[in-house]
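Here's the letter readout for the chains.
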Amino acid sequence: MAAYFSLILVLVTLTSGLIWLVDVLAFAPKRRESLAQAKAAQPELSEEAEYNIVREPAVVETAHSIFPVIAFVLILRSFIYEPFQIPSGSMMPTLLVGDFILVEKFSYGLKDPVWRSKLIETGEPKRGDVIVFKYPENPQIDYIKRVIGLPGDRIIYRNKQLMIQKACDESQTNCPEPEVVARTEISRGDFTQDGVPLLRYQEQLSDVAHDILINPSRPDMLGYFKREAGLPAGEFLVPEGHYFTMGDNRDNSTDSRFWGFVPEANLVGKAVAIWISFEFDRTEADFLPTWVPSGVRFERVGGIK
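Below is a short write-up of the structure. (Residues numbered from 1 in each chain as written. Predicted model: local features only at pLDDT ≥ 70, side-chain atom pairs only at ≥ 80, totals over all residues. Heavy atoms only, no water.)

### Some points on the overall build of the chain
1) Next: Secondary structure summary: the chain contains four helices and 18 strands in total.
2) Next: Over its C-alpha atoms, taken along the principal directions, the chain stretches across nearly 90 × 60 × 30 Å.
3) Next: Taking all 305 residues of the chain together, the buried fraction comes to 41%.
4) Next: Summed over all atoms, the accessible surface of the chain reaches about 16,900 Å², with 59% contributed by carbon and sulfur.
5) Next: Between the centroid of the 32 positive side chains of the chain and the centroid of its 41 negative side chains there is a distance of 3 Å. (Helix = DSSP H or I, 4+ residues; strand = E, 2+ residues; numbered from the N terminus. Buried < 20%, exposed > 50% of the residue type's maximum accessible area, 1.4 Å probe, protein only. Areas by Shrake-Rupley, 256 points an atom, 1.4 Å probe, with all protein chains shown as cover. Lys, Arg positive; Asp, Glu negative; His and termini not counted. Charge placed at Lys NZ, Arg CZ, Asp CG, Glu CD.)

### What to know about the pattern of salt bridges
1) Next: Across all of its chains, the model carries 20 salt bridges by this definition.
2) Next: Between Lys-118 and Glu-121 there is a salt bridge, and its shortest N-O distance comes to 3.3 Å.
3) Next: By relative accessible area, Glu-121 is classed as exposed at 51%.
4) Next: Close ionic contact of Asp-153 with Arg-127 constitutes a salt bridge, the shortest N to O distance being 2.6 Å. Pair noted here: Asp-153 is in the loop between β6 (142-149) and β7 (154-158) and Arg-127 is in the loop between β4 (118-120) and β5 (130-134), with a separation of 26 residues, a long-range link. Assigned by exposure class, Asp-153 and Arg-127 land together as buried.
5) Next: What you see here is one network of salt bridges that share partners, running through Arg-77, Glu-82 and Lys-105. (Salt bridge = Lys/Arg side-chain N within 4 Å of Asp/Glu carboxyl O.)

### Observations regarding unusual backbone geometry
1) Next: That bond from Met-92 to Pro-93 is cis: its omega, 0 degrees, falls within 30 degrees of zero.
2) Next: Within the element layout of this structure, Pro-93 appears in the loop between β1 (81-85) and β2 (99-104).
3) Next: A positive phi angle, close to 50 degrees, is found at Asn-159, a residue other than glycine.
4) Next: Unlike most non-glycine residues, Lys-160 shows phi in positive territory, near 65 degrees.
5) Next: Position of Lys-160 among the secondary structure elements: in the loop between β7 and β8 (161-165).
6) Next: In this structure Lys-160 comes out as buried when scored by relative accessible area, which is 10%.

### What to know about a nonpolar patch on the surface
1) Next: Side chains of Val-69, Phe-72, Val-73, Ile-75, Leu-76, Ile-80, Tyr-81 and Phe-106 sit close together on the surface and give an oily, nonpolar patch of about 660 Å² of accessible area.
2) Next: The element that contributes the greatest number of residues to the nonpolar patch is helix α3 (residues 58-80), accounting for six residues.
3) Next: Mapped onto the elements, Leu-76 comes out in helix α3. (Patch = residues over 30% accessible without salt bridge, like charges linked within 9 Å, V, L, I, M, F, W, Y side chains within 5 Å.)

### Looking at the environment of Ile-144
1) Next: Looking at where Ile-144 falls in the secondary structure, it is placed in strand β6.
2) Next: Taking the relative accessible area as the measure of exposure, Ile-144 reaches 12% and is therefore buried.
3) Next: Those residues in contact with Ile-144, other than ones at most four positions away along the chain, are Ile-86, Ser-90, Met-91, Leu-95, Ile-101, Val-130, Ile-131, Val-132, Phe-133 and Ala-271. (Contact = heavy atoms within 4.5 Å.)

### Some words on the side chain of Glu-203
1) Next: Position of Glu-203 among the secondary structure elements: in strand β11 (residues 196-205).
2) Next: Residues contacting Glu-203, with those up to four places away along its chain left out, are Leu-162, Val-181, Ala-182, Arg-183, Val-208, Ala-209, His-210, Ile-212 and Arg-250.

Worth remembering: the numbers are spatial, not functional.
Below, the structure written as structure tokens:
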């Protein structure tokens, strides 16, 4: 839907701008010429008569009115910030269902809004970034996950423990060994899944400290992970131009462990802030529909770690 909206926005901007431009260059001068001729023939021409002569046609007036607004929205949404809504709990506790976030579109390069070709290089994802990207198996769908592995990294995830072997150039003789990503349990039961209290840890990814959730009752999903050629189950070697992503809700996230890597071309931007957060606790028995918010979580407004 987001891809279609971008296309529609571009088409409306181009159409309204073209209509306005053609009128300015071709038809507006003719209307002014007609007004000059009318005044020459009738010096006491009324203001209403003058207005009727130079008045823009309805389609031109509409294009004139909407073009600046639509063009501003197009530039803002395509190159600066785009709003997204969190639809699932795969990024809990960092992001909750009902969070509305801002995605910084220029973090990883400026791209045209239709073909998504990179126009200007501005940066690359860092380990720990929360990113929005086009789901590789269906680019019409936007996903949001956290960057775990960079190009060249070896990612190991077994027994719900994350290990990273950072990228090593062929010229290096002493490549780093895989390191266990440090985490510290901070609580249990803040969140539940199917009545099971979840374990909440603080995990340290390079310079980024963030919280994750582990479901102690759910078995390791190793048998469902995507197998990489020549690697044991649960190991992934990130190719050049790709990224390995995971949800913070580790046992309730369909991510790179299951479907593979995120190509650089699929990146949309970096999630930087929650601008509003709604609760949706209504049931079918309530008077109001379930899609009407039941409350606002003002305490969640702010930056994303």
